[in-house]
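# What the coordinates show
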Amino acid sequence: MPPPDSELARWFAEEVQPHEPALRAWLRARFPTIGDTDDLVQEAYARLLRVRGTGSVACARAFLFITARNLALNQLRHLRYESPGDLTENAASGVLDEGAAIPESVARAEDLQLLIHAIQSLPERCRQVLTLRKIYGFTQKETAARLGIAEHTVEAQGAIGLRKCIEYFRRHGYQPRP
Amino acid sequence: MNPLPQKSDPIEAATVWAVRHDRGLTAAEQDEFSQWLAADPGHRAAWAEARWGWDELDRLAGLQTSVHAPADPDLLLPRRRRWLAPVYRFALPALAAAAVLALGFVIFFARPAAKPADPLTAPRQLALIEQRTLPDGSTVELNRGAVIAEEFSDGLRRVRLLRGEAHFQVVRDPARPFVVEAAGVAVRAVGTAFNVRLETTAVEVLVTEGRVRVDDAVRGESLLAAAPAGEPPVLVAGQSARVDLAPTAVPQVAAISAAELEQRLAWMPRLLDFTNAPMPEIVAAFNRGNPVQLTLGDALLADMRLSATFRSDNVEGFVRLMESEFGLRAEWRGDEIVLRQAR
């Protein structure tokens, strides 16, 4: 049987799967109450593949860790099992400590540039909120603490920022791709 | 939570909901959200667009000048164009595509109350079987842990099964073959339904409707033995093929009985509809298709009767409902959940 030859399969094997042991170890340490990390890891893979299949991803590792972290947080919230303070610490620390900075060639990808310009076009607060939330992967709570503003302000600014980004996407013909 | 203002462009409300969803909805918000979504046909499209936009921004995750630099809220401040050299004119093709949002709905006759879970019974969440509609209208059910990637073009609908097991219900389109590739095995269909499972050392194909070809993905040659009359070899409904990934192995084709077929596809979720059904019957129905097994730890529970509708893979939802509405206590022991009366 020949090996699967697709570029995507190669990318998955070379640039994604090597992060799995670190991701699992980090999830286990960070979220000890979630017994089984399989579902988190696989759902994060699925999301990464969907996104990669339709465009660029700045950093597979960061995407994977932040996505898995968000899924884990959702799960804990969903289960109403949150212990106070548990989720307020810098949950993103350790996520991005390894690996090189994003190569310029990646950052110049057209779709990433459009997303960057969309955020750059925002009013200051919206831009800061979306930068911390999306590029650094901070939660709403963490973002509020960083910016020294209330959580509901972060939420409101995030929603306004998202709406303006979508309007920017519409103006530039940036749409979901099959 | 403040009530949402009624705006003419639903994208405004939709973006508020997208951000709220990200941080997790309260039970009251969940209700409010469901009502908003149902209130106007345009709301669903706006919601899909808002969710898509929110997720698109995740492409930028990890984008920074130095991995050791502290988080900088002003990283993208336009004057700091360190490496973000502008400027492209964007001429992205205006391809319309429906953002298919997998919104799973669970139907409860009784809604679980917002009651904190007992930390001692710390449940883990079970992934649901994911149902996805592809851009051509074909549907896929992904077994727990399965990962697929779609690569659709004008002449070909290709889906790669990267891990796990999935069942495909394919919309007929002779001009655009539908091919599932798993570890170099290509399963080709025109209009049919079949199941593909990628194992460590083999790919297994099971046809539930119509017929498929099973080919070498690279060379395009069939992996099945040729049929007598020179017909291209196919696998038909009720047959399975097991392709060993060892280079010299010959695929094993076998007929599958109806009972076996049902058993092999037991992972696919069904809607379980109970009317005044005894608990042992309900538990047995869940246990048939799920790796996690429910057991009744109290003899008294055998007399309990219940009317409810669940997806067969939503064991966790069932257990939570039992805890919140029916005063039961769930004890999670690995792959077993024991239900008892709380006391």
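Sequence positions are assigned chain by chain, starting from 1 and proceeding in written order. Chains and ligands are labelled by the order in which they are written, letters from A for the one and numbers from 1 for the other. pLDDT decides what is reported in this predicted model: residues at 70 or higher carry local features, side-chain atom pairs at 80 or more are listed and counted, and totals for whole chains, interfaces and linings draw on all residues regardless.

### Here we look at the overall build of chain A
- Working definition: helices are DSSP H or I runs of at least four residues, strands are E runs of at least two. Numbering for both runs from the N terminus. A count of helices and strands for chain A gives nine helices and zero strands.
- Element order for chain A, N to C, with α for helix and β for strand: α-α-α-α-α-α-α-α-α.
- In this scheme every C-beta is placed from the backbone, and a residue whose C-beta has 20 or more other C-beta atoms within 10 Å is buried, one with 12 or fewer is exposed, and one in between is partly exposed. Here chain A, with 178 residues, has 42% of them falling under the buried criterion.
- The contact criterion used is a C-beta to C-beta distance within 7 Å, with each C-beta placed from the backbone. For chain A, the proportion of contacts with a sequence separation of at least 24, taken over those separated by at least 6, is 66%.

### Points about the overall build of chain B
- The secondary structure content of chain B amounts to six helices and 17 strands.
- Buried residues in chain B amount to 32% of all 343 residues.
- Counting contacts in chain B only where the partners sit at least 6 residues apart, residues at least 24 apart contribute 50% of the total.

### Notes on the packing of helix α8 (residues 140-147) of chain A against helix α9 (residues 151-171) of chain A
All names here are of chain A.
- Note on definitions: angles span 0 to 180 degrees between N-to-C directions of axes, and those axes are lines fitted to C-alpha atoms, for helices only across the stretch in contact. For the pair α8 and α9, interaxial distance at closest approach is 8 Å and the crossing angle is 105 degrees. The pairing of α8 with α9 is recorded here as roughly perpendicular in orientation. Contact with α8, carried on its side by Q140, K141, T143 and A144, involves E151, V154 and E155 of α9 and no other residues of that element.
- Throughout, the ten residues Ala, Val, Leu, Ile, Met, Phe, Trp, Tyr, Cys and Pro are labelled nonpolar, Asp, Glu, Lys and Arg are labelled charged, and all others, Gly among them, are labelled polar. Partitioned by chemical class, the residues of the contact of α8 with α9 number two nonpolar, two polar and three charged. Here the word oblique covers every angle except those under 35 degrees (roughly parallel), over 145 (roughly antiparallel) and from 65 to 115 (roughly perpendicular).

### Quick word on the pairing of strand β9 (residues 211-216) of chain B
Residues and elements named next belong to chain B.
- At least two bridges found by DSSP between two strands are what make those strands a pair. Two strands pair when backbone bridges link them, and strand β6 (residues 185-189) and β9 are joined in this way by five bridges, in the antiparallel orientation. Opposite V185, over in β9, you have D216 as the bridge partner.
- As defined by bridge partners, β9 adjoins strand β10 (residues 235-236) across two bridges and the pair is classed as antiparallel. When the sheet's bridge partners are listed, R211 is paired in β10 with V236.

### Observations regarding unusual backbone geometry
- The phi angle at A183 of chain B is positive, at roughly 50 degrees, despite the residue not being glycine.
- A183 of chain B gets classed as buried once you count the C-beta atoms within 10 Å, which come to 22.

### A look at the environment of Y168 of chain A
All names here are of chain A.
- Tracing the backbone through its elements, the reader meets Y168 in helix α9.
- Residues Y168 and L114 lie 54 residues apart in sequence; the distance between their C-alpha atoms is 9.1 Å.
- Beyond its immediate chain neighbours, meaning those up to four positions away, Y168 contacts A118 and S121.

### A few points about the pairing of strand β2 (residues 139-142) of chain B
Residues and elements named next belong to chain B.
- In this sheet, β2 lies alongside strand β1 (residues 130-133) in antiparallel orientation, the contact comprising four bridges. Bridge pairing in β2 links T133 to T139.
- Hairpin connection of β1 to β2: five residues between the antiparallel strands, including G137 at a positive phi of 95 degrees.
- Judged from the four bridges that link them, β2 and strand β4 (residues 157-169) form a sheet pairing that is antiparallel. Looking across to β4, one finds that V140 is bridged to F168.

### Things to note about the sheet that holds strand β14 (residues 293-296) of chain B
All names here are of chain B.
- Across the sheet, three strands lie side by side as β14-β17-β16; this open sheet has mixed pairing. The open sheet is flanked by β14 and β16 (328-333), the only strands paired with a single partner. Within this sheet the neighbouring strands show an average axis-to-axis angle of 25 degrees, counted without direction.
- Pairing analysis gives four bridges linking β14 to strand β17 (residues 336-341), with the strands arranged parallel. Within β17, the position partnered with L294 by the bridge is I337.
- Across the face of the sheet, helix α6 (residues 315-325) comes into contact with β14, β16 and β17 while running at roughly 140 degrees to β16.

### Regarding the environment of L161 of chain B
All names here are of chain B.
- By the element assignment, L161 lies in strand β4.
- A residue is classified by how many C-beta atoms lie within 10 Å of it, and L161, with 24 of them, is buried.
- Expressed as a C-alpha distance, the spacing of L161 and E150, which sit 11 residues apart in the sequence, is 8.9 Å.
- Apart from the residues lying within four places of it in its own chain, the contact partners of L161 are I148, A166, V180, E181, A182, V196 and L198.

### Quick notes on the confidence of the model for chain B
All names here are of chain B.
- Confidence scores labelled pLDDT are given residue by residue by the predictor and lie between 0 and 100. Averaged over every residue, the pLDDT of chain B is 74; the share at 70 or more is 77%.
- Confidence scores differ between elements of chain B, with strand β15 (residues 305-311) showing the lowest mean pLDDT of 74 and helix α1 (residues 10-23) the highest of 93.
- Contacts from residues 79-126, a stretch scored under 50 in pLDDT, to residues over four places away or in other chains number 87 contacts.
- Scored by ipTM, the complex comes to 0.81, with pTM at 0.47.

### Focus: helix α7 (residues 124-135) of chain A
All names here are of chain A.
- Between its first and last C-alpha atoms α7 spans 16 Å; for 12 residues at 1.5 Å apiece the expected length is 16 Å, and the two agree.
- Within α7, the full set of buried residues consists of C126, R127, Q128, V129, L130, T131, L132, R133, K134 and I135.
- If you follow the buried residues of α7, they end up packed against α6 (110-120), α8 and α9. Expected helix span is given by 1.5 Å per residue-to-residue step, counting one fewer step than there are residues.

### Quick look at the packing of α1 of chain B against helix α3 (residues 41-56) of chain B
Residue and element names in this part refer to chain B.
- Between α1 and α3, whose axes approach to 8 Å, the crossing angle comes to 50 degrees. Regarding the angle of α1 to α3, the classification is oblique. The crossing of α1 and α3 is right-handed. Residues P10, I11, A14, T15, W17, A18 and D22 of α1 form the contact with α3, whose own contacting residues are G42, H43, A46, W47, E49, A50, R51 and W54. In this scheme, a crossing is called left-handed if the near helix is turned counterclockwise away from the far one by less than a right angle; it is called right-handed if the turn is clockwise.

### A short note on the environment of R340 of chain B
All names here are of chain B.
- As for its placement among the helices and strands, R340 is situated in strand β17.
- Look at R340 and you get partly exposed, because 15 C-beta atoms sit within 10 Å.
- Between the alpha carbons of R340 and A299 there is a distance of 9.0 Å; along the sequence they are 41 residues apart.
- Setting aside anything within four residues of it in sequence, one finds R340 in contact with G297, D298, L328, R329 and E331.

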